[in-house]
Amino acid sequence: MSARLVFRGLSRVFQNGRHTSPAISGLDLTLEAGSFTAIVGPSGGGKTTLLHIAAGLDTQYTGEFTREPATATLAMLFQQPRLLPWRSARDNVAFVLETRGVTTPDARRRADELLALVGLAAAGDKFPAQLSGGMQQRVALARALAVDPDLLLMDEPFSALDELTAGRLREELLALSAQKVRTILFVTHDIAEACYLAERVVVLSAHPGRVVGEVRIDLPRQRRPDDPRLAEYAGRVLAFIDHGMTAGAPA
Amino acid sequence: MATVELPDASDAPLRREAYAGRVQATMYTLASLLLLALAWQGISWLVGADVLPAPIASILAIRQSAADGYLWSDMAVTAYRILGAFAIALVVSIVAGALLGRVRVAERLLGPWVTIGASVPSLVIIVVVYLALGINDRAAMVGTALIVAPSMTFAVWDGMRAINPELQEMARVFAVPRFTILQRVVLPQTMPFIFTAARTGLALTWRIMIFVELLGRSSGVGYRIQYFYNLVDMNRVIAAALPFIVLMLAFEFGVLRPLERFVFRWRRAEAR
């Protein structure tokens, strides 16, 4: 059962001493259950803030945010892998299962299966420091899949990787998202990445963040990154971003 | 999905290289010790054996301490006092460091106390504690602990501030219960600097305890050093200190370092 997210009139203001800066202002957005949505926008916009609100990490917002069902299982992939450095790859994946009451042997067995799924069958005993950045992010992906999330949140998960590794991981994410339906919210500043992965690309403006437009990517889920139609979609997204820059600028 | 290839970690040449490295390190340590003994002997010749006795004479004098019957009892009683003082200092510094590092109000209100505590002369603390608690082992432990605690507290406090909030954030998204986050995400992060605080704290405790014994106890390594100093028997002064120095070094290299290597094996693991 995948989750449905509704943001209505959402605003978030950050207080920095006497200085206030609105990160998000009057944002309306609905993510249908089972949809794959990418949020793009200039950096410094409210993208990450929106993701933190969706994750329940940030509750200092005004307006409305609902997650249906409220009991939906969440998982998140961050820009950095955020693995526990003193636990092996296997135990990092098992960690989120153990804290849900799965016994340690069962959690480890499941962790090994998931590591195999993300192509790291041989890395179970390795500590994060022994793995490359790309492998660490694969472990983080295995950990996210371990809880079988209804909602998968992704905060520029491939932006810290070299392009070759990032490209391979994107392909694998696309394949995984086709296997099982779950709601995915993917934040990025990479327009090509957004168009390649998502069914729907929502463009946020900067300072404050609000929705300035969206583009539906009407391509089958199995895509090739060099599909010429993707460039067309990217052009439309870029037009919205340019529009958002001028519209969002202070009068 | 493609399988990611991992480099083979059990490369035989690599292991042989590591072994050669260890042999070389041991050789250097032995050479270093030999050089130290030679320097000691040289200084002894320069200043005279009545001021600094030669290494061989000092080592032989240990046998006299053994024959007199207090070699082992001195070591045992000093070790007992050091462990007591160290345990108090460790508990105090972990509690105080956690409070100062995690609670903003505590840091602002009580932080200066640590700085003040660190600048009070050791002698003042020892004298005050002996007066307050009586001249006994308990006072020796408390006094030493109070002298050692500030620097250990600084170490824990610094480390607590360095705890990475991003890992807690991750755990919260994955709905890990609060207590489990504390236990499995926050506490393991505190281990490296608690370890560092403990190591430097233990070395400091030993050096302070000698003073504390000298001032108010009639047994232990510190007392024995003072006793033979008054008799101007430098052979026996060195002979009183030497066995305990060896004990401390054995503890450092035989227990602490291997334990540290095991507990923090995830840190040494380099990306290949």
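Data block above holds the structure.
Treat the numbers as computed from the prediction; the structure is a model and nothing was measured. Think of each chain on its own: its residues are numbered from 1, step by step along the sequence as written. Chain A is the first chain written and ligand 1 is the first ligand written, with later ones labelled in order. Owing to the predicted nature of the model, reporting of local features is limited to residues with pLDDT of at least 70; listing and counting of side-chain atom pairs is limited to 80 or more, with chain, interface and lining totals taken over all residues. Water and hydrogen atoms were dropped before computing side-chain values, which therefore reflect all heavy atoms in the structure.

## So, the pairing of strand β8 (residues 200-204) of chain A
Residues and elements named next belong to chain A.
Thought 1: Only protein chains enter the area calculation, which uses a 1.4 Å probe; residues under 20% of their type maximum are buried, those over 50% are exposed, and those in between are partly exposed. Numbered from the N terminus, helices here are DSSP runs of H or I no shorter than four residues, and strands are runs of E no shorter than two. Of all the 5 residues making up β8, 5 are buried; the element is thus mostly covered by neighbouring parts of the structure.
Thought 2: Strand direction decides the pairing type here: strand β3 (residues 36-40) and β8, joined by 4 bridges, are parallel. Within β8, the residue paired with Thr-37 across the bridge is Arg-200.
Thought 3: Paired strands are those between which DSSP finds at least two bridges. Two elements, β8 and strand β9 (residues 211-216), share 5 bridges in a ladder whose sense is antiparallel. Residue Val-201 lies in a different strand from β9, and its bridge partner there is Val-215.

## So, the pattern of salt bridges
All names here are of chain A.
Thought 1: The working definition used for a salt bridge is a side-chain nitrogen of Lys or Arg within 4 Å of a carboxyl oxygen of Asp or Glu. One pass over the full model with this rule turns up 32 salt bridges over all chains.
Thought 2: The salt bridge partner of Arg-170 is Asp-190, with a shortest N-O separation of 3.8 Å. Taken as a pair, Arg-170 in helix α5 (residues 163-179) and Asp-190 in the loop between β7 (183-187) and α6 (191-197) lie far apart in primary sequence, 20 residues in all.
Thought 3: Residue Glu-214 is joined to Arg-200 by a salt bridge in which the shortest nitrogen-to-oxygen separation is 2.9 Å.

## As for the sheet that holds β7(A)
Residues and elements named next belong to chain A.
Thought 1: What the 6 strands build is an open sheet, ordered β5-β6-β7-β3-β8-β9; its pairing is mixed. The sheet is open, and its two edges are formed by β5 (74-77) and β9, each paired on a single side. Strand-to-strand twist across the sheet, computed as the mean angle between neighbouring axes with direction ignored, equals 15°.
Thought 2: Where strand β6 (residues 151-155) lies against β7, 5 bridges are found, and the strand directions are parallel. Of the residues in β7, the one forming a bridge with Leu-151 is Thr-183.
Thought 3: Here, two residues are considered to be in contact whenever any of their heavy atoms come within 4.5 Å of each other. As a rule, the C-alpha atoms of each element are fitted with a line to give its axis, helices using only the stretch in contact, and angles between N-to-C directions run from 0 to 180 degrees. Of the strands in this sheet, β5 and β6 are in contact with helix α4 (residues 133-146), which crosses β5 at around 170°.

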